[in-house]
Amino acid sequence: QVQLVESGGGLVQAGGSLSLSCAASGRSISGNTMGWFRQAPGKEREFVATTRASGSTYYADSVKGRFTISRDNAKNTVYLQMNSLKPEDTAVYFCALKGFDIGPASAAAHYSYWGRGTQVTVSS
């Protein structure tokens, strides 16, 4: 049984930083693409960042240059460092494991496993 548990969310002022973690169990992340997505109230879930098994990364334009995704395969954990946060970054952030290398890494529909999410609130 694959479980993904996010942590590190909270309330921060605009311009501040937060670091999210996603601990996986039941499956090694080392051979899998991992992603971070977010969902704001009344909006659809949107892609934030992804890291492939090779270590390559890809970001949504809205977070490029401010967010950094990384992975520690030995700890079976993925991270999202968020800097220069803006009020529009407020959302529930979800970690996901892609499972099968089918479809674009930015598409939520192609991820097999999801965490329950962690709330990030950025005040102005």
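Residue positions are given per chain, counted from 1 along the sequence in the order it is written. A pLDDT threshold of at least 70 governs which residues receive local features in this predicted model, and a stricter bar of 80 or more applies before side-chain atom pairs are shown or counted, although totals over entire chains, interfaces and linings include all residues. Processing note: side-chain calculations cover all non-hydrogen atoms of the structure and skip hydrogens and water entirely.

Student: Would you mind showing me how to read the state of the cysteines here?
Tutor: Working definition: the covalent bond between the sulfur atoms of two cysteines is a disulfide. Two cysteine sulfurs form a disulfide in these notes if their separation is within 2.5 Å. What the rule picks out here adds up to one disulfide. Disulfide partner of Cys 22: Cys 95, at an S-S distance of 2.0 Å. Judged by the sign of its S-S torsion, about -75°, the cystine formed by Cys 22 and Cys 95 is left-handed. Note that Cys 22 is positioned in strand β3 (residues 18-25) and Cys 95 in strand β9 (residues 91-97), a separation of 73 residues in sequence. Grouping residues by exposure puts Cys 22 and Cys 95 together as buried. Only DSSP runs of H or I covering at least 4 residues are called helices, and only runs of E covering at least 2 are called strands; the numbering of each starts at the N terminus. To sort residues, take the accessible area from a 1.4 Å probe on protein chains only and compare it with the maximum for the residue type: under 20% means buried, over 50% means exposed, and anything in between is partly exposed.

Student: Just to check I follow, could you spell out the environment of Phe 37 for this structure?
Tutor: Relative to the helices and strands, Phe 37 is located in strand β4 (residues 34-39). Between the alpha carbons of Phe 37 and Ala 91 there is a distance of 9.5 Å; along the sequence they are 54 residues apart.

Student: Would you mind showing me how to read the nonpolar core here?
Tutor: The nonpolar side chains of a soluble globular protein tend to be buried with one another. With 31 residues, the main nonpolar core has Trp 36, Val 48, Phe 67, Leu 80, Met 82 and Tyr 93 as its most contacted residues. Of all elements in the fold, only β3, β4, β5 (46-51), β7 (67-72), β8 (77-82), β9 and β11 (118-123) reach the threshold of two or more residues within this core. Setting aside chain neighbours within four positions, we find Tyr 93 in contact with Glu 6, Leu 20, Trp 36, Phe 37, Arg 38, Val 48, Phe 67, Leu 80, Met 82, Gly 117, Thr 118 and Val 120. In these notes, a set of buried Ala, Val, Leu, Ile, Met, Phe, Trp, Tyr and Cys residues joined through side-chain atoms within 4.5 Å is what counts as a nonpolar core. A contact between two residues is defined here by any heavy atoms of the two lying within 4.5 Å.

On their own, these measurements won't tell you what the molecule is for.
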